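Examination of the molecular architecture
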Amino acid sequence: MSQRMTMDEVRSEYGEPLIRLDVHATRSELLRLREQLIAIRDMSNASEQGYLDIDCKLYIDVDDIDRYLDGTRDTVGEIYAFPEDIKSYKE
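Report follows, based on the coordinates. Each chain carries its own residue numbering, running from 1 in the written order of its sequence. With the structure being a predicted model, the display of local features is reserved for residues of pLDDT at least 70 and the display and counting of side-chain atom pairs for 80 or more, all residues being used for whole-chain, interface and lining totals. Think of the side-chain values as coming from all heavy atoms in the structure, minus any hydrogens and water.

A run of H or I in DSSP becomes a helix once it reaches four residues, and a run of E becomes a strand once it reaches two; helices and strands are each numbered from the N terminus. Scanning the protein chain for helices and strands turns up 3 helices and 4 strands. We call a residue buried when its accessible area falls under 20% of the maximum for its residue type, exposed when it is over 50%, and partly exposed in between, using a 1.4 Å probe and counting protein chains only. When the 91 residues of the protein chain are sorted by exposure, 23% land in the buried category. Residue contacts follow a heavy-atom distance rule, with two residues in contact if any of their heavy atoms lie within 4.5 Å. If you take every contact in the protein chain between residues at least 6 apart in sequence, the share linking residues at least 24 apart comes to 69%. The accessible surface values rely on the Shrake-Rupley method and a 1.4 Å probe; as for residues, cover is taken only from the protein chains in view. Counting every atom, the protein chain has about 6,800 Å² of accessible surface; 52% of that belongs to carbon and sulfur.

Another aspect to go through is the packing of aromatic side chains. The criterion for an aromatic pair is that two Phe, Tyr or Trp rings (for Trp, the six-membered ring) have centres within 6.5 Å, with stacked assigned to planes under 30 degrees apart, edge-to-face to planes over 60 apart and tilted to the rest. This structure, assessed with the given rule, holds 1 aromatic pair. Between Tyr14 and Phe82, the aromatic rings sit 6.1 Å apart at their centres with planes inclined by 40°, giving tilted as the arrangement. Here Phe82 lies in the loop between strand S3 (79-81) and strand S4 (86-90) and Tyr14 lies in helix H1 (residues 7-14), a separation of 68 residues in the sequence.

Patches here are clusters of residues that have more than 30% relative accessible area and form no salt bridge, with a 9 Å joining cutoff for like charges and a 5 Å cutoff for nonpolar side chains (Val, Leu, Ile, Met, Phe, Trp, Tyr). Salt bridge, as applied in this entry: a Lys or Arg side-chain nitrogen positioned within 4 Å of an Asp or Glu carboxyl oxygen. There is a patch of nonpolar side chains on the surface, built from Ile65, Tyr68 and Leu69 and spanning about 310 Å² of accessible area. Mapped onto the elements, Tyr68 comes out in helix H3 (residues 62-69). A relative accessible area of 37% places Tyr68 in the partly exposed class.

On to the pattern of salt bridges, then. Tallying each qualifying case throughout the model produces 3 salt bridges. Notably, a salt bridge pairs Arg11 with Glu16, separated by 2.8 Å at the nearest N-O pair. With a relative accessible area of 36%, Arg11 lands in the partly exposed category. Given a relative accessible area of 48%, Glu16 falls into the partly exposed group. Within this structure, Asp8, Arg11 and Glu16 form a network of salt bridges that share partners.

Fair warning: the whole summary comes from geometry, so function is off the table for now.
Right, dumping it as structure tokens:
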């Protein structure tokens, strides 16, 4: 069986995630992300736009698939994004 990090382990090693990316992102997570992206636009007087840039690998193994299919996991995998993943793009 694969060993996944708990949320407490993620927080202790990487800090508080801004959002967990999968098909189950919550409204509050999306609103926090939207707020940060709009802040980039507003601070630059619309000369830049914000975007999320996550450099990661997503590992999925047979145990993940089996646990998803039998209902013990609600996703096959998650990708966590942190405030430092927010970038700006000059238009």
